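# Notes for the structure review
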Amino acid sequence: MIKSKINIKTLVHYSLLFSFLLLSGCSTLKTGGMFAKETVEPWHKELLAEERMQLNPYPLENSADQKIYYSRESANGGQGIGGGGCGCN
Amino acid sequence: MQLKDKKLKSYPSKPSVRSALIMATCTVLSGSLSPASAEEEDDSTLSRIDLSTLYYSEEDRVSVNTTHVVVENDLGDEEFVRANFIYDTITGASPNGRIIPADQGSGGSIPFTSASGFTLNVNDVGSAGQKWLTEFTDKRAAIDLSWEKPITRTLRRIFEGNFSSENDFTSYGGAATMVWDLNQRNTTVTGGLSVLKETVSPDSGTPLELAIANCNDTAPALPVWANCNITSPRFGNGHKRVFDGVIGVTQVINKRTITQLNYSHGVSLGYLTDPYKLISVVDNNLDGEEVLILYEKRPDRRARNSLYWKTVSQLSPKKVVDFSYRYFWDDWGIKSHTIDYKYRYDYAPKSYLQPHIRYNTQSSADFFHNAIDAAVNELPRYASADYRLDKLQTYSIGLKYGKELGKSGAFAMRAEYIVQNYNAVSLPDMKALVYQGTFSFKF
Amino acid sequence: MKGAGPVGLERQNGLWVGRFTAMASPCELLVDTPDRTLASSLLSIAEHEAKRIEQKFSRYRDDNIIFKINNACGKSVAVDEETALLLDYADQCYQLSGGRFDITSGVLREVWRFDASANVPSSDAVTALLSRVGWSRVKWHSAVLTMQRGMEIDLGGVGKEYAVDRTALLLRPHISSGVLINFGGDLCALGPRIDGSAWEIAIDDPENSGKNQLGQVSLKTGAVATSGDARRYLLKDGVRYGHILDPRTGWPIPYAPRSVTTIASTCMEAGMLSTFAMLEGAGAEAFLKQQEVEFLCF
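Residues numbered from 1 in each chain as written. Chains lettered and ligands numbered in written order. Predicted model: local features only at pLDDT ≥ 70, side-chain atom pairs only at ≥ 80, totals over all residues. Heavy atoms only, no water.

### Considerations on the overall build of chain B
Helix and strand counts for chain B stand at three helices and 23 strands. Buried residues in chain B amount to 52% of all 443 residues. Residue pairs in contact within chain B that sit at least 24 positions apart in sequence constitute 63% of those at least 6 positions apart. For chain B, the exposed area adds up to about 19,500 Å²; of that, 57% sits on carbon and sulfur atoms. (Helix = DSSP H or I, 4+ residues; strand = E, 2+ residues; numbered from the N terminus. Buried < 20%, exposed > 50% of the residue type's maximum accessible area, 1.4 Å probe, protein only. Contact = heavy atoms within 4.5 Å. Areas by Shrake-Rupley, 256 points an atom, 1.4 Å probe, with all protein chains shown as cover.)

Next comes the structure, spelled out in structure tokens:
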């Protein structure tokens, strides 16, 4: 059913490495970068108010992922509490 | 002239007029950003419905269809009620913990007789005589209701109740969360507690842990401690209670970045064993042939911890990254690292693409054994061959396409490809595909 | 100018220029991008927002919150959050101007018609109206407004500037630079042009529109607003009565400038500074200098 010539493990490793470089690159930009602390007044929060900037912007996808990985891995949780359990074999 | 007779009051301390005006203007403009006032209607209450359909399919193993509906109603004054309805249908074969013979083709030919005679018959083989798989089908329906209400201007509480039912499993519970905004809402402290009560109820009852499920009739010798002539007792339902607590801080770093750090601690108590999982006893004098099958046994207590860090940042108006890392450890000896990275690219004002990658690695549980050596004098106190307690890695890669439909609708679809590989168990890599479509509508 | 028909988008001088009419003014959106789709979607956002604000706050309609307030006949009216924010703002501006900026002053138009004639109303007629003017007579407890019968409010003095700033807010997530919003002469630049250069804005002479420029402003980011309309005045016995009325007296502010243009970070701020300056009459320039604001005053 699933036939893949691409080695997904290599792909995930390289993508993660790349994203780390991107993140560290962003935090050293001369403009201050992603983690440059600044005082944010209430009227400067228009970007943070956007749906895509929320901590859980896609709850249905997040809950699906949580359940898939809950049933296939031993580690779970972390994001918060709540939600029911499942037998999940 | 009349005009000059009137004494015109002068402006209060002149240089302050502009700064006061700046403040007043900002109040209007920042206040007007709340979604309620951006709506055309004066009515500030808003309802929302979210629909999702998901298809999950593992190669040669389990497939799941999930329908998920969320209805949210804004009662005004920051008060919300939400209802989640989930329905799953599950079919396929799941690894049961038995070893996989090196020569898989002959795996089905070893004659086993059932010592139990119960409906859970381990001779119910998986496809093509694969005895290490158990075929099953199940349905799950779940409902989750929550109610969010402000207590003061900076304090909110969220109460939640949930119930979920499968053919052989029920779970119900509740949760309470407090959210406290500080520092002009730039810092948010969250604390929450939850309780779940879960019951596993196999048709044939739960087996005695580490009791014999089957004996290999053709084995020349059985371990001295094994008595194949008695029938293992079975019990009623297995009960467990699950307690979780979380404490977290969310911080606005700058206009484009928000970060969150959570610590969670949880304790599960009761029957934590999986009544469908088995463990093989192998005789190394017989080339590791399976001579017995036991039911697995897990400790009746598990304490879990996790540290979770998440950051969402807007790199440019079109690019948003969402990064999270979790470190998990428990007293079963499992340690796990999980990294999740999403990159949303809004290539047009209402359309976006979002690649996703995730990596998870975990160590094995202390009581994980791929199989038990028949030569041991005494059985271990706990033993499980569940592949999920083995050292394993999971790799996921996905792509999502999202589109806003007018002012109040949104649509998204995504595909994910997941590969999982194991250390001790000789299962082939698990390969799974996930397709999900979501639709949301505000009214 | 185009009417209410389909939105027009044209390529001019390397910019996408979109035009529509809203709030009784010609509106323009200049987008410095080669991407027509982007420009078109920004234009639809801008037009939608301008028309939404016009529909919600115009005093010429009978289906909005302003109509509801002005026809409540003394009853209390609960308003939505956005209206409440604007009324709070109007209240603050009333306080800041010592009562000279007043959203209830529109009633004075019943006797003052600035048609360049010599129709100066009688002192009695003006005095009679004053009992129906004055924000201090209105009971405003944020979200609930109670006003006596015969009084009227008009958010026309802030609506267009508010529409410009709101549009800027809505466009910002989609584009970081290279947009100029112009709603009937109230402008906001969302960052410089793609090549980093400033927008060059000509200030039109209202008495000789389209032919004579009073000045030029270079703007990379920020807002420009103009107050004043030199065509609206009365002339009697050699005395010129400008159209800026003092709501406390019911009479025009003497020696008010013909037009004041101000540059500030938001269009609402620029517009209100211009209005305050006009209300200062002869003291307009001195006021603007004191506020350390960039301005053009005629």
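### Description of the overall build of chain A
Broken down by element type, chain A carries two helices and zero strands. Residue burial in chain A is summarised as follows: out of 89 residues, 44% are buried. Carbon and sulfur atoms provide 61% of the accessible area of chain A, an area that totals close to 4,600 Å².

### Focus: the side chain of B:Thr438
Its place among the elements puts B:Thr438 in strand S23 (residues 430-442). Excluding its chain neighbours within four sequence positions, the residues that come into contact with B:Thr438 are A:Leu60, A:Glu61, B:Leu51, B:Ser52, B:Ala410, B:Phe411 and B:Ala412.

### Re the interface of chain B and chain A
Between chain B and chain A, the residue contacts involve 117 residues of the former and 65 residues of the latter. Of the roughly 7,500 Å² buried where chain B meets chain A, counting both sides, 59% is carbon and sulfur surface. By the criterion of area lost to chain A, the three top residues of chain B are B:Lys255, B:Arg388 and B:Tyr395, representing 9% of everything that side buries. Where A:Glu61 meets B:Lys400, a salt bridge forms, and the shortest distance between an N and an O atom there is 2.9 Å. In this structure, the connection of chain B to chain A is made through 24 residue pairs in polar contact (both at pLDDT 80 or more). Among the residues making up the side of chain B that touches chain A, the classes are represented as 48 nonpolar, 37 polar and 32 charged. (Buried area = accessible area lost by both parts, 1.4 Å probe. Salt bridge = Lys/Arg side-chain N within 4 Å of Asp/Glu carboxyl O. Polar contact = N/O pair within 3.5 Å; in protein donor to acceptor, adjacent residues only side chain to side chain. Nonpolar A, V, L, I, M, F, W, Y, C, P; charged D, E, K, R; others polar.)

### A look at the sheet that holds strand S6 (residues 144-146) of chain C
Residues and elements named next belong to chain C. The antiparallel open sheet is built from three strands, whose spatial order is S4-S6-S5. Edge positions in the open sheet fall to strand S4 (76-78) and strand S5 (139-141), since each of these has one partner strand only. Adjacent strand axes in the sheet meet at a mean angle of 15°, parallel and antiparallel pairs treated alike. Summarising the sheet, S5 and S6 pair through three bridges and their orientation is antiparallel. (Pairing = 2+ DSSP bridges. Axes fitted to C-alpha atoms, helices over the stretch in contact; angles between N-to-C directions.)

### Description of the state of the cysteines
Here a disulfide denotes a covalent bond joining the sulfur atom of one cysteine to the sulfur atom of another. Residues and elements named next belong to chain B. In this structure the tally under the stated criterion is one disulfide over all chains. The side chain of Cys215 participates in a disulfide bridge whose partner is Cys228; the two sulfur atoms lie 1.6 Å from each other. Sign of the S-S torsion, about -90° for the bond between Cys215 and Cys228, identifies this disulfide as left-handed. Here the residue Cys215 occupies a position in strand S10 (residues 212-216), and Cys228 occupies one in the loop between S10 and strand S11 (234-235), the gap between them amounting to 13 residues. For Cys215, a relative accessible area of 5% translates into the label buried. (Disulfide = S-S within 2.5 Å.)

### Observations concerning the packing of helix H5 (residues 156-171) of chain C against helix H6 (residues 267-279) of chain C
All names here are of chain C. Running from N to C, H5 and H6 cross one another at 155°; their axes reach a closest spacing of 8 Å. The angle between the axes of H5 and H6 places the two elements in the roughly antiparallel class. Here Val158, Glu161, Tyr162, Val164 and Asp165 of H5 lie close against H6, whose contacting residues are Cys267, Met268, Gly271 and Met272. For the contact of H5 with H6, the class distribution of residues is six nonpolar, one polar and two charged. (Parallel < 35°, antiparallel > 145°, perpendicular 65-115°, else oblique.)

### Some remarks on the pattern of salt bridges
Counted under the stated rule, the structure contains 49 salt bridges over all chains. Put simply, A:Arg72 and B:Glu58 hold a salt bridge, and the shortest N to O gap is 2.5 Å. Of the two residues, A:Arg72 is situated in helix H2 (residues 59-72) and B:Glu58 in strand S1 (residues 47-58); the pairing between them involves two chains. Take A:Arg72 and B:Glu58: they sit in the same class, and that class is buried. Here B:Arg140 and B:Asp88 are joined by a salt bridge, their closest N and O atoms 3.1 Å apart. Pair noted here: B:Arg140 is in strand S5 (residues 133-150) and B:Asp88 is in strand S3 (residues 79-95), with a separation of 52 residues, a long-range link. Taking relative accessible area as the criterion, B:Arg140 reaches 6% and is therefore assigned buried.

### Things to note about the side chain of A:Glu73
Here A:Glu73 lies in the segment after H2. Given the relative accessible area of 3%, A:Glu73 is considered buried. Only 3.0 Å separates the side chain of A:Glu73 from the side chain of B:Arg358, close enough to count as a polar contact.

### Digging into the packing of helix H3 (residues 81-96) of chain C against H5(C)
Residues and elements named next belong to chain C. At their nearest, the axes of H3 and H5 sit 12 Å apart, and the two run at 120° to each other. On the basis of their axis angle, the class for H3 and H5 is oblique. Seen along the crossing, H3 lies across H5 with a hand that is right-handed. Each of Glu82, Leu86 and Tyr89 in H3 lies in contact with H5, whose residues at this interface are Val158, Tyr162 and Arg166. (Left-handed = near helix turned anticlockwise from the far one by under 90°.)

### Description of the sheet that holds strand S2 (residues 15-22) of chain C
All names here are of chain C. Strand order across the open sheet formed by eight strands is S1-S2-S3-S7-S8-S11-S16-S17, with antiparallel pairing between neighbours. Strands with a single pairing partner mark the edges of an open sheet, and in this sheet they are strand S1 (8-12) and strand S17 (294-297). In this sheet, neighbouring strand axes are inclined to one another by 15° on average, regardless of whether the strands run parallel or antiparallel. In this sheet, S17 lies alongside strand S16 (residues 260-264) in antiparallel orientation, the contact comprising four bridges. Counterpart to Val260 in the pairing with S17 is Cys297. Across the sheet, H5 is in contact with strand S3 (25-31), strand S7 (179-183), strand S8 (186-190) and strand S11 (222-227); its angle to S7 comes to roughly 155°. Across the face of the sheet, H6 comes into contact with S8, S11 and S16 while running at roughly 30° to S11.

### Quick word on the environment of C:Ser265
All names here are of chain C. For Ser265, the position within the fold is in the loop between S16 and H6. In this structure, Ser265 is in contact with Gly222 and Ala223, ignoring residues within four places of it in sequence. At 3.0 Å, the side chain of Ser265 and the side chain of Glu269 are in polar contact.

### Structural notes on unusual backbone geometry
Residues and elements named next belong to chain C. Not every positive phi belongs to a glycine, and Asn13 is a case in point at roughly 50°. Along the chain, Asn13 falls in the loop between S1 and S2. With a relative accessible area of 73%, Asn13 lands in the exposed category. Backbone geometry at Met23 places phi at a positive 55°, although glycine is not the residue there. If you trace the backbone, Met23 turns up in the loop between S2 and S3.

### Regarding the packing of aromatic side chains
A complete count under the given rule lists 13 aromatic pairs over all chains for this structure. Taking the centre distance of 5.5 Å and the plane angle of 70° together, the rings of B:Trp309 and B:Phe323 count as edge-to-face. Placement of the pair is B:Trp309 in strand S16 (residues 301-316) and B:Phe323 in strand S17 (residues 319-330), with a sequence separation of 14 residues. Their ring planes at 80° and their centres at 6.5 Å tell us that C:Phe57 and C:Tyr162 sit as a pair that is edge-to-face. With C:Phe57 in helix H1 (residues 36-57) and C:Tyr162 in helix H5, this residue pair connects regions lying 105 residues apart in the sequence. By the burial criterion, C:Phe57 is buried, and C:Tyr162 matches it. Lying over the aromatic face of B:Tyr352, B:Arg344 brings its terminal NZ or CZ to 3.6 Å of the ring centre. (Phe/Tyr/Trp six-rings, centres within 6.5 Å; stacked < 30°, edge-to-face > 60°. Lys NZ or Arg CZ within 6 Å of the ring centre and 35° of its normal.)

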